[in-house]
Amino acid sequence: MQRTGPTIAVAGAGLRGRAYAARIREAGAGRIVAVAEPDPARRARFAAEHGLPPERTFPGWREMAARGRPADGVIIATQDAEHAEPAIRFAGLGCHILLEKPMATSEADALRIVDAVEREGVMLAVCHVMRYTEYTRAFRRLIEDGRIGAPVSVQHLEPVGWWHHAHSYVRGNWRRADESGPMLMTKSCHDVDWLIHLMGEVPARVSSFGRLSHFRPEERPEGAADRCVDCAVEPRCSYSATRLYLSCLGDPGRERWPLGAVTDDRTEAGVLRALREGPYGRCVYACDNDVVDHQVVNMEFPSGATGVFTMTAFSAAAPRQTRVFGTAGSLEGDGVRITVRDFVTGATEVVEPGAVPPEGASDGRHDHDDDALADAFVAALAAGDPAPLHSGPRESLASHRVVWAAERARLDGAVVDLGTQSPPAKGTVHP
C-alpha cells in the first residue's frame, strides 16, 4: 500500500477512473485519498480497493468540492457532459487535473476550462493516451530524424469493430450526439490529436463525410424483436447481445470490459437478466442512437501536406493503421510495428517499439497507455513540473477545435478554414 507521494482524488469511478487509480496504487508513487461516484456499488467497491474511510467518499463531485481542496490532483472521469464544471471548480480549488477526453462537449466549455487552469496556475492534462506509447515516440522520431524526407501525406484508419461500435455507440453511453457528442469527438478525438502530434502541425483546412448508414430502423430484419433475448433472428444476427456478452464469461479481461458496463453479476443468469432489463440487450435496429457509423476527415496542413482519417464500425476490432508518405521514404504502422521504406536504397526496416497486444485485443482497453499516462501525471505532481506530460491545455484545445470544425464540415457539406496554425508549445501545459 502506497504511503508517500502526491495525493489524488477521483471523480468518476467507472472503467477509466478505476484504471488510472489502480495504476497509481500499484505503482506506489501517489496516494488515492478520495472518490466521488454516484453509483453506490461502484463507490463502495472503489473505497474498498483503496482503503478509503466513509468521510472520503462522496456521491458526486459537487459534494467532494464542497469540502474544499480534496487532494493535490484530481482525476475527472465523469460522463462527457460533466467534464467542464468539475474541471473549472477543482482548478479554482488549486487542484492539478487529469481530465478524461473529450475535455468538454462544446468549444465554449473547452475554452472555459483552459481559461480556468491558466488563471489558477494549475496543470491540466487531457487523456490523449495515444501520445504516451513507445510506438508513438518511435513513429515521431522516425519522421523527425528525416528517415522519409519531408512528410507529404498521411492515411490513418480507426477500425472500431462491429461489436465494439454496437456496444458503446448504439446501445451504450455514447450513442447520441446530444448527450455526449458526435462520434468524431467521443471516439476519434484521440486520432485527430495523434495525427497533429505526429505531423507536428494543426490542419489549416478540413472537410468531412459520413453518416449513420446501418444501425437504423429501416435496416431491421423482418421478424426481429426489440430485445435479443426474445428474438428469433438473434442466432444469425451479427450484433447479437446474447452471443457477445455471454461469451465474455470466464474471460477476466472481457468480464471487465465490455461486460462490466452491462452488469456486475458474472453469471449466465445475471447477464441474461441485464439483457432483458438494461440498455445493452436492445436490438441495434431499435435503439435511440444517432451518431455516425462511418466517417472520413480530409485535412490540409499549413505545410501543404495532406491527410485522411477514416473511422468505421464495419471491421474487426483491431489496432489503428497508419501510413505516412514522404519525399524520401514511407512509414507503415499497425499499432505494434513500423515498416520503414527507403526510396534511395530500396531497403525496408521493421521497427518494433512496443509489445504485441493480446490476440483479439481492441482499443476498448488502453492498459499500457493508461498506465503511462497515470505515471506521467503523478510524476508531474511530484515534481511540480509539467515536463512528464505530453500535451497541455492549449494543445488539447487546438486538436478539439479541429474535431469540431470537421463535424461542422460534415453537417454543412463545406470545407472549413481553420487558419494557419502550429501546435502550441509544450510549455503551455502550465502557465
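These numbers were taken from a predicted model, which means no experiment stands behind them.

**A word on the sheet that holds strand β15 (residues 416-417)**
Spatially, nine strands are ordered β14-β13-β12-β11-β7-β10-β9-β8-β15 in an open sheet, and the strand pairing comes out mixed. Taken across any chain shown, the strands that pair with only one partner, and hence form the sheet edges, are β14 (348-351) and β15. In terms of strand pairing, strand β11 (residues 321-326) meets strand β12 (residues 329-333) through four bridges, oriented antiparallel. Looking at β12, one finds that R323 is bridged to E332. Where helix α9 (residues 189-199) meets the sheet, its contacts fall on β7 (151-159), β9 (294-300), β10 (306-312) and β11, and the angle it forms with β7 comes to roughly 155°. Where helix α15 (residues 393-412) meets the sheet, it contacts β8 (205-211), β9 and β15, and its direction lies at approximately 60° from that of β8.

**Quick word on the sheet that holds strand β6 (residues 124-126)**
In space, the six strands of this open sheet follow the order β3-β2-β1-β4-β5-β6, with parallel pairing throughout. Where the open sheet ends on each side, the last strands, each with one partner, are β3 (57-58) and β6. Where helix α2 (residues 40-50) meets the sheet, it contacts β1 (7-11), β2 (31-36) and β3, and its direction lies at approximately 170° from that of β2.

**Overview of the domain arrangement of the protein chain**
Much of the literature gives interface size as the accessible area that the parts lose upon coming together. As assigned here, the protein chain comprises domain 1 (7-122), domain 2 (130-215 + 289-417) and domain 3 (217-277). For domain 1 and domain 2, the distance between their C-alpha centroids amounts to 26 Å. In this complex, domain 1 contributes 33 residues to the contact, which on the side of domain 2 involves 27 residues. For the pair domain 1 and domain 2, the summed buried surface comes to about 2400 Å²; carbon and sulfur atoms form 63% of the total.

Reading the values: rules and limits
- Residues numbered from 1 in each chain as written.
- Predicted model: local features only at pLDDT ≥ 70, side-chain atom pairs only at ≥ 80, totals over all residues.
- Heavy atoms only, no water.
- Pairing = 2+ DSSP bridges.
- Helix = DSSP H or I, 4+ residues; strand = E, 2+ residues; numbered from the N terminus.
- Contact = heavy atoms within 4.5 Å.
- Axes fitted to C-alpha atoms, helices over the stretch in contact; angles between N-to-C directions.
- Domains from an automatic or database assignment.
- Buried area = accessible area lost by both parts, 1.4 Å probe.

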